[in-house]
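# Survey of secondary and tertiary structure
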Amino acid sequence: MATRRIAILGGGAMGTACATVLAENDEVRPVLWVREPELADAMQTSRRNERYLPDVPIPDVVEITSDRAAAVADVAMLVAAVPSQFLSATMKPFAELVSPECPIVSVIKGIEIGTFRRPTEILLQVLGERPVASMCGPSHAEEVGLRLPASVVVAASDDQFAAQVQQDFTTDRFRVYTNPDLVGVEFAGALKNVIAIAAGISDGLGYGDNAKSALITRGLVEIGRFGQSLGADPETFAGLAGIGDLMTTCFSRHSRNRGFGERIGRGETLQQILDSTPKVAEGVPTTRSVHELAVSRGIDLPITREIAAMLFEGKSPLEATDALMNRPVGSE
Ligand SMILES: NC(=O)c1ccc[n+]([C@@H]2O[C@H](COP(=O)([O-])OP(=O)(O)OC[C@H]3O[C@@H](n4cnc5c(N)ncnc54)[C@H](O)[C@@H]3O)[C@@H](O)[C@H]2O)c1
Ligand SMILES: O=P(O)(O)OC[C@H](O)CO
């Protein structure tokens, strides 16, 4: 049987993990495009991504390149795995290299600052009209890359493409469900990162299990309120992309967003944390996007508002705690 070449664009942790999953499918030849040429060279030699996912061996079948044209030549599908704020600029040079009908699935969880675009909206505007999909859910790259069981959801612009993504990615350890709600899946993936920062701040302050569980529960209410106001199906937030990913991100030792929040809670500044690692915490820019969009639309998001005030306005975690706990009481 002829194999299908699939290009993963983005050599961070998630792009690398996606390549390892696709490598298990005998009908797929994965090629991983890595932005940094020196990292691509090192990965070809060591078969590891020492910068972003050091503990995961990369199967020999995965082609690794930093050459854009070579990466996307004759591909049947693209996988976008670039942090949301870099997506537009990263994809522009690919626009004249990829065929007009080539479908693309995003594993990106964020909302672009200023434009408020979801990842698939960016992809459509930069690459032109084509089938698009978003695959989200509890899927830390560190665990996926080691073949620990994980389940995710894919939503697409058409059912046929969702089924194709499901078929390409499903393995005996990576289970892909379909979902018809593209808007909801993308908002769920982006907003859980904001709440994970809140959960991490709670950890850093030593607030305990009650506080964190309340933040997660009321955070899910905020995610649903925001998503529904912008056209999502509320049921999506009860699924893998919603509560599923929210739980894993708020509790995981792997989570960059929860870990980022923990450091804020312990007293480090935004800039200190950003300067300390090449890894991207999507919840930071997404907090700004979600907060601004919510204010402009009159959507009440108290937790998001306090995270934005801590990150961008110098409010202290203790002041934010007081602000959240001393609001007028209401019904659930
Ligand atoms: N890491 C995970 O477990 C995981 C799981 C599911 C989804 N995601 C999502 O996947 C997306 C990619 O995240 P990741 O974890 O792979 O990233 P990462 O933090 O592991 O790597 C950073 C990535 O950003 C790129 N980058 C850095 N500076 C850049 C610049 N100036 N211009 C363009 N690109 C630049 C790097 O090349 C690298 O690909 C995010 O939206 C994330 O939310 C991540
Ligand atoms: O490490 P985080 O916080 O970016 O979370 C990664 C994934 O989104 C978890 O599903």
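Residues numbered from 1 in each chain as written. Chains lettered and ligands numbered in written order. Predicted model: local features only at pLDDT ≥ 70, side-chain atom pairs only at ≥ 80, totals over all residues.

Basically, it comes down to this: UniProt positions are given in the numbering used here, feature names are shortened, and annotations may be inferred rather than shown by experiment.
The protein chain goes by Glycerol-3-phosphate dehydrogenase [NAD(P)+] in an unreviewed UniProt entry, where it is assigned to Stratiformator vulcanicus. In UniProt, the protein chain has this text filed under Pathway (unreviewed entry): "Membrane lipid metabolism; glycerophospholipid metabolism." What UniProt records for the protein chain under Subcellular location (unreviewed entry) is the sentence "Cytoplasm".

## Concerning the UniProt feature "binding site: NAD(+)" (unreviewed entry) in the protein chain
To keep things clear, this is the line we draw: Secondary structure follows DSSP: runs of H or I at least 4 residues long count as helices, runs of E at least 2 residues long count as strands, and numbering of each begins at the N terminus. A residue pair is marked as a contact if its C-beta atoms, positioned from the backbone, fall within 7 Å.
With numbering aligned to this structure, UniProt lists the feature "binding site: NAD(+)" (unreviewed entry) at G10, G11, G12, A13, M14, G15, F86, A141, R256 and K279. Tracing the backbone shows G10 in the loop between β1 (4-9) and α1 (13-22). Setting aside residues up to four positions removed in sequence, G10 forms contacts with G15, A80, A81 and V82. On the secondary structure map, R256 appears in helix α11 (residues 256-265). If near-sequence neighbours (up to four positions away) are discounted, R256 is found in contact with K279 and A281.

## Quick word on the site of ligand 2
Note the following rule: Here, nearness means that the C-beta atom of a residue, built from backbone geometry, sits within 6 Å of the molecule or strand in question. Each residue gets one of three labels, nonpolar for Ala, Val, Leu, Ile, Met, Phe, Trp, Tyr, Cys and Pro, charged for Asp, Glu, Lys and Arg, and polar for the others, Gly among them. An automatic or database domain assignment supplies the start and end points of every domain.
Around ligand 2, 15 residues are found, and the nearest of them are S139, T249, S255, R256 and N257. Secondary structure elements with two or more residues in the shell around ligand 2: α8 (182-205), α10 (240-251) and α11. Its residues assigned to classes, the shell around ligand 2 shows 2 nonpolar, 8 polar and 5 charged. Shared between two domains, the shell around ligand 2 holds at least three residues of each, these being domain 1 (4-180) and domain 2 (183-325).

## Some remarks on the site of ligand 1
As a matter of local geometry, ligand 1 sits amid 25 residues, with G12, A13, M14, F86 and A141 nearest to it. The set of elements that each furnish at least two residues to the shell around ligand 1 consists of α1 and α4 (84-91). Of the residues contributing to the shell around ligand 1, the split by class is 11 nonpolar, 9 polar and 5 charged. Residue assignment places the shell around ligand 1 across two domains, with domain 1 (4-180) and domain 2 (183-325) each supplying three or more.

## So, the domain arrangement of the protein chain
Here the protein chain is partitioned into domain 1 (4-180) and domain 2 (183-325). When each unit is reduced to the centre of its C-alpha atoms, the spacing between domain 1 and domain 2 is 25 Å. In this assembly, 26 residues from domain 1 lie in contact with 26 residues from domain 2. Taken together, the elements giving at least two residues each to the side of domain 1 that touches domain 2 come down to α4, α5 (119-127), β6 (132-136) and β7 (150-156). With 4 residues, β7 is the single largest residue contributor to the side of domain 1 that touches domain 2. Of the residues assigned to the side of domain 1 that touches domain 2, the class counts are 12 nonpolar, 9 polar and 5 charged.

## Quick notes on the sheet that holds strand β3 (residues 63-65)
Where we set the bar: Pairing between strands requires that DSSP locate at least two bridges from one strand to the other. Axes here mean lines fitted to C-alpha atoms, for a helix over just the part in contact, with angles spanning 0 to 180 degrees between N-to-C directions.
Taken together, 8 strands build an open sheet; the order of strands is β3-β2-β1-β4-β5-β6-β7-β8 and the sheet is mixed. Two strands in the sheet have a free side with no partner beyond their single neighbour: β3 and β8 (174-178). With strand direction ignored, the average angle separating the axes of adjacent strands in the sheet is 25°. Strand direction decides the pairing type here: β1 and strand β4 (residues 77-80), joined by 4 bridges, are parallel. Residue I6 lies in a different strand from β4, and its bridge partner there is M77. Here α10 sits on the sheet in contact with β6, β7 and β8, set at roughly 145° to β7.

## Remarks on the pairing of β6
The side chains of a regular strand alternate, residue by residue, between the two faces of the sheet. Short version of the rule: With C-beta atoms placed from the backbone, the exposure class of a residue follows from how many other C-beta atoms lie within 10 Å of its own: 20 or more, buried; 12 or fewer, exposed; in between, partly exposed. By definition, the crossover connecting two strands over a helix is right-handed if that path, from the first strand to the second, turns clockwise as seen with the strands pointing away from the viewer.
Burial runs high along β6: 5 of the 5 residues are buried. Where burial is concerned, the two faces of β6 agree: the one with V132, S134 and C136 and the one with A133 and M135 are both buried. In the classification by handedness, the crossover that spans strand β5 (residues 104-106), the intervening α5 and the parallel β6 is right-handed. Examined bridge by bridge, β6 and β7 share 4 bridges and lie antiparallel to one another. The residue bridging M135 from the neighbouring strand is V154, located in β7.

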